[in-house]
Amino acid sequence: MELSFVYSGNETVGAMVVSRLEAAGCTRTDDVAHAEAIITYCTSQTALEDAYFDEQGLVQAAGKGALLIDLSASTPSFARELNAVAVVSDLMSVEAPLVVVDVARADAFGDRDNLVCFVGGDEEAVAEARPVLEAIAGTVQETGGAGSAQLARAAYTLQTTAQVISAVEADALYRAVRRSSASLDQATERVGAATPVAEQVLAAVNTGRFDGMYTVEMFMAELSAALTAADDVDLILPQAEACLHLLELLAVIGGSDKAPAALALVYGEEKTCAEQGLDWTRAEQAYGDVAEGFDDLDDDGHDHGHDHGSFGDYPGYGAYSANSGSGGLRPTDLADAAGGCGTRSRREAEDSRTEVSPAGTSCRMRFVLAFLTISDTTAALSDIIGPVSL
């Protein structure tokens, strides 16, 4: 396959793309104006928009007839917008979000068969892009017109994220119960996996494999894109929101370059976290101001005048528009707090999620945080469907 191409974006994915396309006979170039194909993979919506639509962006720089292939997880609306701009600019555009099948595998991008591409766009553009995508991923699945591949990716992301986090929490429960009850049979030492994704994550957790090419940053980018797609149609997804906040917490303490299985460390001991290079003092500053309010709660979890409003604009950590959250006496308390945070603007926050300044917390009891989560979610839903009785 003779093709000149430009790659722009994440270096890890870029190394894989360049290696496979060069092995297939393609030639990488830095000359955007004369490249036949332009391939991108970004881990934030803002970076993706800038890459294409800046004054000196790829749309402006590309030569007539060039093929734009975006491997990023984005939104259906962005994919349709890029396709429309490409058409009027005499370009071809294809959305082809990458899917990592085994998210816990250390060399996640090392095996072509561990990658899937959903691909959407005009038929002619998809046909042009297919040989390129087949060189990159083991499976290429056509989904339809512009926006369809990103919608399929978002649906896949929501289900995968739920499986990853539920597996981690099931494992945390097993470990906690075993620590508190020495009489349990050894047969219950490890939790069973309900799905292939859960099996992959649990295997990584059990063997202490918390590093890999596919990172928390990438995982968060995919989930953030799915939630942005939901925001675009005024849909609230409370479970996915909670999952994103847990991942953000992991990023706060230094885990953005870890594999998604590292989320299990949030539920473990601080000593184990430290051994993996995670620093809970970073969370103390990020959540500390909100935690001060918990001192005003009585033993029944009732409010005595403090504000459940916002985290405030900590450097590198986007402010939340509603709902509180806070840390606790153990890392798991902070995880509960992160799960209780409210919706924020994803495009404002996504670029800062891995550059968080330190911070700390204190809270009363974990059931207080659970109450806040329920009450804040209820408030959000009531805006759409009316009062909700619990």
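Residues numbered from 1 in each chain as written. Predicted model: local features only at pLDDT ≥ 70, side-chain atom pairs only at ≥ 80, totals over all residues. Heavy atoms only, no water.

Moving on to the overall build of the protein. Of the regular secondary structure elements, the protein holds 14 helices and eight strands. Per-residue burial over the protein gives 52% buried out of 390 residues. Residue pairs in contact within the protein that sit at least 24 positions apart in sequence constitute 71% of those at least 6 positions apart. Taken as a whole, the protein presents about 16600 Å² of accessible surface, with 50% of it coming from carbon and sulfur. (Helix = DSSP H or I, 4+ residues; strand = E, 2+ residues; numbered from the N terminus. Buried < 20%, exposed > 50% of the residue type's maximum accessible area, 1.4 Å probe, protein only. Contact = heavy atoms within 4.5 Å. Areas by Shrake-Rupley, 256 points an atom, 1.4 Å probe, with all protein chains shown as cover.)

What follows is about the packing of aromatic side chains. Applying the stated criterion to the full structure yields three aromatic pairs. Plain terms: the ring middles of F118 and Y156 are 6.3 Å apart, the flat faces sit at 65 degrees to each other, and that makes the pair edge-to-face. Here F118 is found in strand β7 (residues 115-121), whereas its partner Y156 is found in helix α6 (residues 148-180), with 38 residues between them in sequence. Taking relative accessible area as the criterion, F118 reaches 8% and is therefore assigned buried. Judged by its relative accessible area of 29%, Y156 falls in the partly exposed class. (Phe/Tyr/Trp six-rings, centres within 6.5 Å; stacked < 30°, edge-to-face > 60°.)

A few words now on the environment of E248. You can see E248 is positioned in helix α9 (residues 238-252). E248 gets classed as buried once you look at its relative accessible area, which sits at 1%. Remark: the alpha-carbon pair of E248 and M220, spanning 28 residues in sequence, is separated by 7.8 Å. At a separation of 2.8 Å, a polar atom in the side chain of E248 contacts the side chain of H245. (Polar contact = N/O pair within 3.5 Å; in protein donor to acceptor, adjacent residues only side chain to side chain.)

Once that is clear, we can look at the packing of helix α8 (residues 216-232) against α9. Close contact between α8 and α9 brings their axes to 10 Å; oriented N to C, the two are set at 150 degrees. Taken together, the axis directions place α8 and α9 in an arrangement best described as roughly antiparallel. Between α8 and α9 lies a crossing whose hand is left-handed. Side by side, α8 and α9 meet where V216, F219, M220, L223 and L227 of the first sit next to A240, E241, C243, L244, L247, E248, L250 and A251 of the second. Considered class by class, the residues forming the contact of α8 with α9 number eleven nonpolar, no polar and two charged. (Axes fitted to C-alpha atoms, helices over the stretch in contact; angles between N-to-C directions. Parallel < 35°, antiparallel > 145°, perpendicular 65-115°, else oblique. Left-handed = near helix turned anticlockwise from the far one by under 90°. Nonpolar A, V, L, I, M, F, W, Y, C, P; charged D, E, K, R; others polar.)

Turning our attention to the environment of G192. Note that G192 resides in the loop between α6 and α7 (196-207). When the C-alpha atoms of G192 and A170 are compared, they prove to be 8.8 Å apart, with 22 residues separating the residues in sequence.

Turning to α8, a few remarks are in order. Given a rise of 1.5 Å per residue, 17 residues ought to cover 24 Å, and the 24 Å separating the end C-alpha atoms of α8 matches this to within 8%. In terms of residue burial, α8 counts as a mostly covered element, since 14 of its 17 residues are buried. Of the residues trailing α8, D234 is marked for its positive phi of about 60 degrees. (Expected span 1.5 Å × (residues − 1).)

With that settled, the discussion passes to the confidence of the model for the protein. When pLDDT is averaged along the protein, the result is 80, and 72% of the positions lie at 70 or above. Counting interchain partners and residues more than four positions distant, the pLDDT-below-50 stretch residues 301-345 has 140 contacts. Here residues 377-382 scores under 50 on pLDDT; set against residues more than four positions off or in separate chains, the count is six contacts. (pLDDT = per-residue confidence, 0-100.)

Looking now at the pattern of salt bridges. Overall, the coordinates contain seven salt bridges when judged by the stated rule. For R105, the salt bridge goes to D107, with nearest N and O atoms at 2.8 Å. Classification of R105 as partly exposed rests on a relative accessible area of 28%. Given a relative accessible area of 33%, D107 falls into the partly exposed group. Linked by salt bridges that have partners in common, R105, D107 and D111 make up one network. (Salt bridge = Lys/Arg side-chain N within 4 Å of Asp/Glu carboxyl O.)

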